[in-house]
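One-letter residues, chain by chain:
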Amino acid sequence: MHDSRDRLAFTEQTELPLVGRVADLGALRIGLDDALEGRGGTIILSGEGGIGKTRLVQTIVRDALQQQMMVAVGAAYAIEAGMPYGMIADALVPAVHNLPSSTLAVLARGAEHELATILHGLSLAETKGAMPLVAESDRKARLFWQFAQFLGRMCEKQPLLLVLENAHWSDPSSMELVHFLARQLHGARCLLIVTYADDEQEPPPHLARTERSLVSRGDASVRKLRGITRHDVADVLHRLFALPGEALAPLADRLHDRARGNPLFVDQLIRHLVESSQLSYDGQRWVLANVDDIGLPASIRDALRARLVEVDPTARRLAEAAAVIGTRTSLTLLQGVGRLDASAFADAIDALCAKRILRELREGAVPQYEFVHPLMQLTVLDSITAARRRALHHTTAEVMERSYGTGALAHAPEIAAHLVAGHALEGDPRALRFVAAAGRDALERHADAEALQLLRDALAIADSLAPGDRDDATYRSLLEDLARARQRCGDRDGALALLHRAISLATEQGDLTARARLLRRLGLSLGFSGNPELGLTHLDDAEATARAAERRDLVVRTRVAKGILLQSLGRSDEAKAAIEEVLPVAQESGDRRLQAQAHRALMQLYGFTGPIDVAREHGKAALRFAQDSEERVIQWWAHWGMAVLEGLGGNAESVAHHQQHADAIATELRSPMHQLLVAEIAVEYASGVGEWNEGLRRAERSIPLARAIAPATVLPRMLVWTGLVLIERDEVERGHQFLEEAWELSRAEEVQASLDRGETPAAAEVHNVILAHTGMAALALSREEWRRALDFGRQGLAIADRFGYVVWAIHRLMPLILEAGLWLQEFEVVREVASRFREQSTLMGHRLGLAWANAADALRVRLEDRRPEFIPPVLAAADQLDAIPFPFHAARLRRRAAQLMAVDGELDGARREIRRAHDVFVRLGAERQLRGTRSDMRTMGIRLPARRTTDGAHSLTGRELDIARLVALRKTNKEIAVHLDISARTVSTHLSNMFGKLDVDSRGALVDLLRSFPGFVEAPTTR
């Protein structure tokens, strides 16, 4: 028979946590099984402190280890609430550190910088190299995406259980990253468990937002743990003490009522009974004193305080030091803060561990100590006076600084946390040094909320210093950093106020370079926050100051910024002139990078407004200077800009060339945003030239990335390009969803309202709104809602005209307006738009636009004047479109020409052209047009050709291939619907379409045919 201490230790580790937790444990084990099978997700556990979250998780950890999973367990700590990514690093640094260097290199794939940024304290030799230059707007997306990709590769190598505890103390950046990871790893071989104590209070805002968002999206489930029942308490007492029934029931009731079902409190109450000898072992059995006379602690804090009272004052002081340090602490740090000699320290540690207040961890060369339960740490903290707590924080900071020596500044976030908690915010240059460094560290790591708070604190310290103790350059730098943090956190007014202060300081100091740089930044901020005229004034001031400072580079950069702002105001001619005037300055500087930037800006301006030849020459110059500069990011922008330019003009060979180079550089830079922008070109161009299968494959890979890192910029455009193809492929439901979503994401109505108020939206917003109108006009045309299509087209055209984006008018909007006008027989509208179309297409050198204008004019004359001789010009326009090549639109023109020829009695010609159109529609998989074309062929008396395409499985869309693979596994329509999260009716529709495309009449024939095509894999795609 074990003695009481053995039994209680056994209870705490094994029996008690599982009592009453069958359903909760079952849910976690299902999540674990799903992760092992590649269907992982996120589970959020909440409940009051001591309710059993950690013990439940410990059981799952043991299960995961038995399943050969990688396990990473970490926690947030109260003192580290402002430590960027602290909870993530606590979990993953040990796991990643234990990986062999060769394995880590394979998994990181060059993203060591990103890993070290988030996993602070992880030593990676590869991080010593220079970070690739990326735009400010791309850095956070790159950071999160690369980290998620790294974890994804880890999960592919070995299933992962990632546990993050005490999220109620987490820093905002950790929760932001948790939100990102939960979405990106959903469906991977990973189970993410997040726990937090609610104690009947609202969780912190950043935690509450994350939980609401993930649950609403279906990316996480929440389990709120409840207290255990009287029966559970009785079960524990019976297992431990084998008490008779007459003693068991009253004691169980008493313990349950006092503990309110809290397992930790029940545990502490049982310990209290044993240690006070009210429950004792007489050598043969356990004996309980009169239950009516039992005195029990009134609360869990009382029970924990009673445990503290039982240790001597020296041990209590050491416990106070450990509570203030706050995290898992090393023997060296704890002894230094406790200010005890080795012998006294050892005695105190022994006492604290014996009373299960602290526990010792031997995970490295130096022993570590942590509290047995977070509530014990809070209980200790509550017992300390404010004065002593401040003193201990100061001591902790001093010991840390002393122990880190010359490398102390690298640990600024840890030291600053104690300095701030110790209220060292007035008149202390040492505190300023560490708090400012911690703020800048958070800013560089894109932990923006933490950076904002730390930099505020640093500024407060700096403002409290005597003028002679403050370095003005350092103070100005602090103002700039805090302005960046405010800007990132959405406080534009606060950021502008700080920039004004920094400019005033630079003016007083006579630092012209700093003044010019700050004025440029202020001008751009004002320009894109509703005050463009004032922004232009500041940019002019910035340029004059840069000239006075003889800083050519700043002169050119400021003028380029001015051109961008003028373009956003729709003042294209002024924008071009502004940058062209400064080109000689860039040339005189001899700076290739500067010259590339100026030419790239002009390429973009002329690319959207014409003439296209001028844009092309600037593009070539930008590329030449970028290659000379050896700056890969500038080279990427030049190739990307040329690919856009040639794509809008329909130059297939040149698009492919520049796209290939941009793709390669984006991969080298490991920039998800650059890769996404290249993918956008690829999808848009594929949608135009008829490479629909490749376009859809690229879109299916890219849209999840766009949802993750660019939901308000690239995603709406990607959805438009993909939606247009899906509608014509007869994936109507998805296509309509994509286009409707693009409309919502672009905030088209909000942006229109801001334009009406005279405000200036960001350039990306304008492009997205124009393309959202393009998508809605195309959607209306597919529904034969001609008037609605015309209205959307005109609204989009008005916005394009306002900002001088001629190319969008030519490339997408005017063809839609013309088609709607022809169907409505509003010939005056067609005449007016076609005339403008031809004029602007000639200016731009836009072959596609000229072909459309020719076709519109010919169709208008044929329909309005009923003159059959105008059909050949329609066919000539179709030939022009084929030559670009835009085969889908050429085939549509041929079909329309064939319909009119049949009406005119030209049946031979009509049959010839309708067959040509039919072949194109079959090849592309343009099911919507194909149905109408086959109906036309029946009317013309043509025997219908087979619909089978030589492309085989490649004629099917991604969704159709998924369904085909599941059909091959003998899944029913209902089972397929559940697996792909669509309706059974949608499955049936897709099957009918596949039968038609491949000319089969049964599921078996479909599978037999597809198995004959190389590359068809029967394993279903997991989504």
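S.K.: If you had to explain the sheet that holds strand β4 (residues 190–197) to someone new, which residues and values would you point to?
M.R.: Each strand in a sheet pairs with its neighbour through backbone hydrogen bonds, running either in the same direction (parallel) or in the opposite one (antiparallel). If you walk across this open sheet you meet the 5 strands as β2-β3-β4-β1-β5, and the pairing is parallel. Strands at the two margins of the open sheet, each flanked by one partner only, are β2 (70–75) and β5 (221–224). For this sheet the average axis-to-axis angle between neighbouring strands, irrespective of direction, equals 15 degrees. Together, β1 (42–47), β3 (160–165), β4 and β5 form the strand contacts of helix α2 (residues 22–36), whose direction differs from that of β4 by roughly 150 degrees. Taken strand by strand, helix α4 (residues 86–97) contacts β2 and β3, and its axis lies near 145 degrees from that of β2.

S.K.: Run through helix α24 (residues 512–527), naming residues and quoting values.
M.R.: Each turn of an α-helix holds 3.6 residues, which means side chains three or four residues apart point in the same direction. The end-to-end C-alpha distance of α24 is 22 Å, a good match for the 22 Å that 16 residues give at a rise of 1.5 Å each. For α24, the complete set of buried residues consists of Ala514, Arg515, Ala516, Leu518, Leu519, Arg520, Leu522, Gly523, Ser525, Leu526 and Gly527. Contacts from the buried residues of α24 go to α22 (472–488), α23 (492–509), α25 (532–548) and α26 (552–568).

S.K.: Tell me what's going on with the packing of α24 against α26, and back it up with residues and numbers.
M.R.: It is the contact of α24 with α26, at a shortest axis distance of 11 Å, that shows an interaxial angle of 10 degrees. Between α24 and α26, the angle falls in the class roughly parallel. Residues Thr513, Ala516, Arg517, Arg520, Gly523, Leu524 and Gly527 of α24 pack against Leu554, Arg557, Thr558, Ala561 and Leu565 of α26. Of the residues in the contact of α24 with α26, the class split is 5 nonpolar, 4 polar and 3 charged.

S.K.: Provide a residue-level description of the environment of Leu813, including the pertinent values.
M.R.: Looking at the element boundaries, Leu813 is found in helix α39 (residues 806–824). Its relative accessible area of 0% is what places Leu813 among the buried residues. The sequence separation of Leu813 and Thr774 amounts to 39 residues, and the corresponding C-alpha distance is 5.9 Å.

S.K.: Lay out empty space enclosed by the protein with the relevant residues and their values.
M.R.: Counted according to the given criterion, the structure contains 6 cavities of 30 Å³ or more. Approximately 60 Å³ is the volume attributed to the largest cavity. Lining the largest cavity are Gln268, His272, Glu275, Pro297, Ala303, Ala306, Arg307 and Glu310. Those elements that place two or more of their residues in the lining of the largest cavity are α12 (263–275) and α13 (300–309). For the lining of the largest cavity, a count of residues per class yields 3 nonpolar, 2 polar and 3 charged.

S.K.: For the sheet that holds strand β8 (residues 329–330), give the residues involved together with the corresponding values.
M.R.: Pairing is antiparallel in the open sheet, where 3 strands are placed in the order β8-β10-β9. Each edge of the open sheet is held by one strand with a lone partner, namely β8 and β9 (358–361). Where β9 and strand β10 (residues 368–371) come together, 4 bridges link them in antiparallel fashion. By the bridge assignment for β10, Glu360 is matched with Tyr369. In this fold helix α16 (residues 342–354) packs onto β9 and β10, with an angle of close to 110 degrees to the strand it touches most, β9.

S.K.: An account of the confidence of the model for the protein chain is needed here, citing residue identities and associated values.
M.R.: Predicted confidence across the protein chain gives a mean pLDDT of 86, with 93% of residues reaching 70 or more. No element of the protein chain has a lower mean pLDDT than helix α1 (residues 4–18), at 42, and none a higher one than β3, at 96. Residue range residues 126–133 is modelled with pLDDT below 50. Its contacts to residues more than four positions away, or to other chains, number 16 contacts.

S.K.: Tell me about a negative patch on the surface, and name the residues and values.
M.R.: On the surface, Asp312, Asp341, Asp347 and Asp350 cluster together into a patch of negative charge. By secondary structure assignment, the location of Asp347 is in helix α16.

S.K.: I'd like a description of the pattern of salt bridges, backed by residues and values.
M.R.: Counted under the stated rule, the structure contains 73 salt bridges. Between Lys140 and Asp448 there is a salt bridge, with the nearest N and O atoms lying 3.3 Å from each other. Remark: Asp448 occurs in helix α21 (residues 448–464) and Lys140 occurs in helix α7 (residues 136–157); sequence separation between them is 308 residues. Residue classification places Lys140 among the buried positions, given a relative accessible area of 18%. When its relative accessible area of 10% is taken as the criterion, Asp448 is described as buried. Residue Asp302 pairs with Arg305 through a salt bridge whose shortest N-O separation is 2.9 Å. Taken together, the residues span about one helical turn, with Asp302 and Arg305 both in helix α13 at a distance of 3 residues. Classification of Arg305 by relative accessible area gives partly exposed; the value is 34%. Look at the salt bridges and you will find they share partners, linking Glu828, Arg831, Arg838, Asp857, Arg860 and Glu864 into a network.

S.K.: Describe the packing of aromatic side chains, with residues and values.
M.R.: For any pair of aromatic rings, the description rests on two quantities: the centre-to-centre distance and the angle between the ring planes. A complete count under the given rule lists 15 aromatic pairs for this structure. Ring centres of Tyr281 and Trp286 lie 5.3 Å apart, and the angle between their planes is 50 degrees; on these two criteria the pair is classed as tilted. Judged by its relative accessible area of 29%, Tyr281 falls in the partly exposed class. Where Trp721 meets Trp808, the ring centres are 6.2 Å apart and the plane angle is 35 degrees; that geometry is what we call tilted. A residue pair is termed long-range when its members are at least 10 positions apart, and Trp721 in helix α34 (residues 714–728) and Trp808 in helix α39 qualify at 87 residues. Comparing Trp721 with Trp808 shows no difference in burial state: the two are buried. A network of ring pairs unites the aromatic residues Phe608, Trp721, Phe803, Tyr805 and Trp808 as a single cluster. Above the plane of the ring of Phe434 lies Arg433, whose end atom (NZ or CZ) is 5.1 Å from the centre. Just above the ring of Phe625 sits the side chain of Arg624; from NZ or CZ to the centre is 5.2 Å.

Calculation rules
- Residues numbered from 1 in each chain as written.
- Predicted model: local features only at pLDDT ≥ 70, side-chain atom pairs only at ≥ 80, totals over all residues.
- Heavy atoms only, no water.
- Pairing = 2+ DSSP bridges.
- Helix = DSSP H or I, 4+ residues; strand = E, 2+ residues; numbered from the N terminus.
- Axes fitted to C-alpha atoms, helices over the stretch in contact; angles between N-to-C directions.
- Contact = heavy atoms within 4.5 Å.
- Expected span 1.5 Å × (residues − 1).
- Buried < 20%, exposed > 50% of the residue type's maximum accessible area, 1.4 Å probe, protein only.
- Parallel < 35°, antiparallel > 145°, perpendicular 65-115°, else oblique.
- Nonpolar A, V, L, I, M, F, W, Y, C, P; charged D, E, K, R; others polar.
- 1 Å grid on protein atoms, 1.4 Å probe; cavity = no way out; pocket = protein on both sides within 12 Å on 5 of 7 lines; lining within 4 Å.
- Points joined across faces, edges and corners; volume = space filled by probe spheres on them.
- pLDDT = per-residue confidence, 0-100.
- Patch = residues over 30% accessible without salt bridge, like charges linked within 9 Å, V, L, I, M, F, W, Y side chains within 5 Å.
- Areas by Shrake-Rupley, 256 points an atom, 1.4 Å probe, with all protein chains shown as cover.
- Salt bridge = Lys/Arg side-chain N within 4 Å of Asp/Glu carboxyl O.
- Lys, Arg positive; Asp, Glu negative; His and termini not counted.
- Charge placed at Lys NZ, Arg CZ, Asp CG, Glu CD.
- Phe/Tyr/Trp six-rings, centres within 6.5 Å; stacked < 30°, edge-to-face > 60°.
- Lys NZ or Arg CZ within 6 Å of the ring centre and 35° of its normal.

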